[in-house]
Amino acid sequence: MALRNAILAALLEGEASGYDLAKGFDASVANFWMATPQQLYRELDRLAAEGMIHTRVVHQQRRPTKRLHTITPAGRAALRRFIEEPAKPTAIRDEMMVKVQGVDAETAAAVRSAIAEKLQWSKAKLTRYERLRVRLLDGRSEPAYLDEVERVGPYLTLLRGICFEQENIRWAEFALSVIDRRLATHT
């Protein structure tokens, strides 16, 4: 999947600046797509050049000029074509898993440290996702929310991110317990 499709999908929510999109990617889209702000801005320029988005320049007093982006009919059509294509199977490429695969008595402490860091990162990310879920629901039950909102996709992807981080936490806690037991018996 190209970054362009993630941007086009994000713009379905409405007009947004590159800064807003970067914040949105960090808060919600990051559960399934990672991009640096530089990658995002480069892709916005390409999408505008291809007519997939319209960019409107807003001059502000005492603040930098702001560029606001909206998806065009051509962008919607491109996104629709992407959505209708069969999805490719997900391939996991996780550098930490290579480290875990190679763990031995000499490297156990370093691998333990990497897993502990991942655990804290996943807990923090899960907390952010749960806060976003509460904001989206806005006091409604999940069934009521899903019946009322126009677009359920952002909520469904958020739930996937929540499940992913919950599993990361479960696995990290288990892996730490295994490594801790091994370290205790081999020292």
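Residues numbered from 1 in each chain as written. Predicted model: local features only at pLDDT ≥ 70, side-chain atom pairs only at ≥ 80, totals over all residues. Heavy atoms only, no water.

Participant: Help me out: how do you make sense of unusual backbone geometry in this one?
Facilitator: Most peptide bonds take the trans form, and the phi angle of most residues other than glycine is negative. Positive phi outside glycine occurs at Arg-62, with the angle close to 65°. Position of Arg-62 relative to the elements: it lies in the loop between β2 (53-58) and β3 (66-71). For Arg-62, a relative accessible area of 85% corresponds to the exposed category. At Asp-138, a residue that is not glycine, the phi angle is positive and equals roughly 50°. With respect to the helices and strands, the residue Asp-138 is situated in the loop between α6 (108-137) and α7 (142-148). (Helix = DSSP H or I, 4+ residues; strand = E, 2+ residues; numbered from the N terminus. Buried < 20%, exposed > 50% of the residue type's maximum accessible area, 1.4 Å probe, protein only.)

Participant: When you look at the packing of aromatic side chains in this model, what are you seeing that I'm missing?
Facilitator: Pairs of aromatic rings are described using the distance from one ring centre to the other and the angle between the two planes. If you walk through the whole model with that rule in mind, you get 1 aromatic pair. Look at Tyr-145 and Tyr-155: their rings are 5.1 Å apart centre to centre, the planes differ by 50°, and that puts the pair in the tilted class. Here Tyr-145, found in helix α7, pairs with Tyr-155, found in helix α8 (residues 153-185); they are 10 residues apart in sequence, far enough to count as distant. (Phe/Tyr/Trp six-rings, centres within 6.5 Å; stacked < 30°, edge-to-face > 60°.)

Participant: Help me understand the environment of Glu-95, please; the structure alone is not making it clear to me.
Facilitator: Assignment of secondary structure puts Glu-95 in helix α5 (residues 95-101). Separated by 87 residues in sequence, Glu-95 and Leu-8 place their C-alpha atoms 29 Å apart.

Participant: Hey, could you run me through the pattern of salt bridges in this one?
Facilitator: Side chains that differ in charge, positive against negative, can pair when their charged atoms come close. Evaluated as defined, the whole model comprises 13 salt bridges. Lys-123 serves as the salt-bridge partner of Glu-173, at 3.9 Å between the closest nitrogen and oxygen. Here Glu-173, found in helix α8, pairs with Lys-123, found in helix α6; they are 50 residues apart in sequence, far enough to count as distant. When its relative accessible area of 33% is taken as the criterion, Lys-123 is described as partly exposed. As a salt-bridge pair, Glu-165 and Lys-125 come within 4.0 Å of each other at their nearest N and O atoms. Separated by 40 residues along the polypeptide, Glu-165 in helix α8 and Lys-125 in helix α6 bring together distant segments of the chain. Accessibility expressed as a relative area gives 1% for Glu-165, which makes it buried. Among the charged side chains, a salt-bridge network with shared partners connects Arg-4, Glu-43, Arg-46 and Glu-50. (Salt bridge = Lys/Arg side-chain N within 4 Å of Asp/Glu carboxyl O.)

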